[in-house]
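Structural features, examined
The residues making up each chain are set out below.
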Amino acid sequence: MLLGIFMVTITPFVAGLVQGQTADWLRNLLYAFATAVLLYNVWRGSVWAWRLTVGFCMVAGLVVFVIGMLAGSVAWQGWVVSGAGLAYLLLGTALVGTAVIRAFLDARWAARGRQLRGRA
């Protein structure tokens, strides 16, 4: 799921690079790095990073979906953008609602809690 979120996030950046659009490459690279750091912290068992990730997925999913629907009335590419919004919504919901993923994250959170208590 985390890799899927990362891929959906960087796809517009990579597509722009492939098309030769390098105007904002540094900013987009910074966004990709920040996303990778956030998702890595979810993997490590950080609860705050998980909450931020789920929140960002829901907000970004809704915004991207609505923008895609509006653009879809003019060009077919808007429907692709709406699909990306749905992907964000589904991936974010999977982080919360899928039992296997949630059990994995609960185990990571417990291990991280033990590790942090061991330091104190």
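The rules behind the values
All residue numbers here refer to positions counted from 1 along the written sequence of the relevant chain. pLDDT decides what is reported in this predicted model: residues at 70 or higher carry local features, side-chain atom pairs at 80 or more are listed and counted, and totals for whole chains, interfaces and linings draw on all residues regardless. Calculated side-chain values reflect all of the structure's heavy atoms, with hydrogen atoms and water omitted. In this description a helix means any DSSP run of H or I spanning at least four residues, a strand means any run of E spanning at least two, and both kinds are numbered starting from the N terminus. Within 3.5 Å is the distance limit for a polar contact, defined as a pair of N or O atoms, with the added protein rule that one can donate a hydrogen and the other accept it, and that residues adjacent in sequence qualify only through two side-chain atoms. The nonpolar core is taken to be a set of buried Ala, Val, Leu, Ile, Met, Phe, Trp, Tyr and Cys residues, with the residues joined through side-chain atoms within 4.5 Å. The buried label goes to any residue with under 20% of its type's maximum accessible area, the exposed label to any with over 50%, and the partly exposed label to all in between, with areas taken from a 1.4 Å probe on protein chains only. Any pair of residues with heavy atoms lying within 4.5 Å of one another is described as a contacting pair. Expected helix span is given by 1.5 Å per residue-to-residue step, counting one fewer step than there are residues.

Residue placement: Ser-46 occurs in the loop between α2 (25-44) and α3 (47-72). One polar contact links the side chain of Ser-46 to the main-chain amide nitrogen of Ala-49, over a distance of 3.4 Å.

Let's shift gears to the nonpolar core. By size, the foremost hydrophobic cluster in this structure holds 16 residues, and its most contacted members are Leu-2, Ile-5, Val-42, Trp-50, Leu-95, Ile-101 and Leu-105. When residues of this core are traced back to their parent elements, those giving at least two are α1 (2-18), α2, α3, α4 (77-97) and α5 (99-119). Once you skip the residues sitting within four places of it in the chain, Leu-105 turns out to touch Val-42, Trp-50 and Leu-95.

Taking 1.5 Å per residue, 21 residues should reach 30 Å; α4 reaches 30 Å between its end C-alpha atoms and fits that length. Residues Gly-78, Ser-82, Gly-85, Tyr-88, Leu-89, Leu-91, Gly-92, Ala-94 and Leu-95 constitute the buried set of α4.

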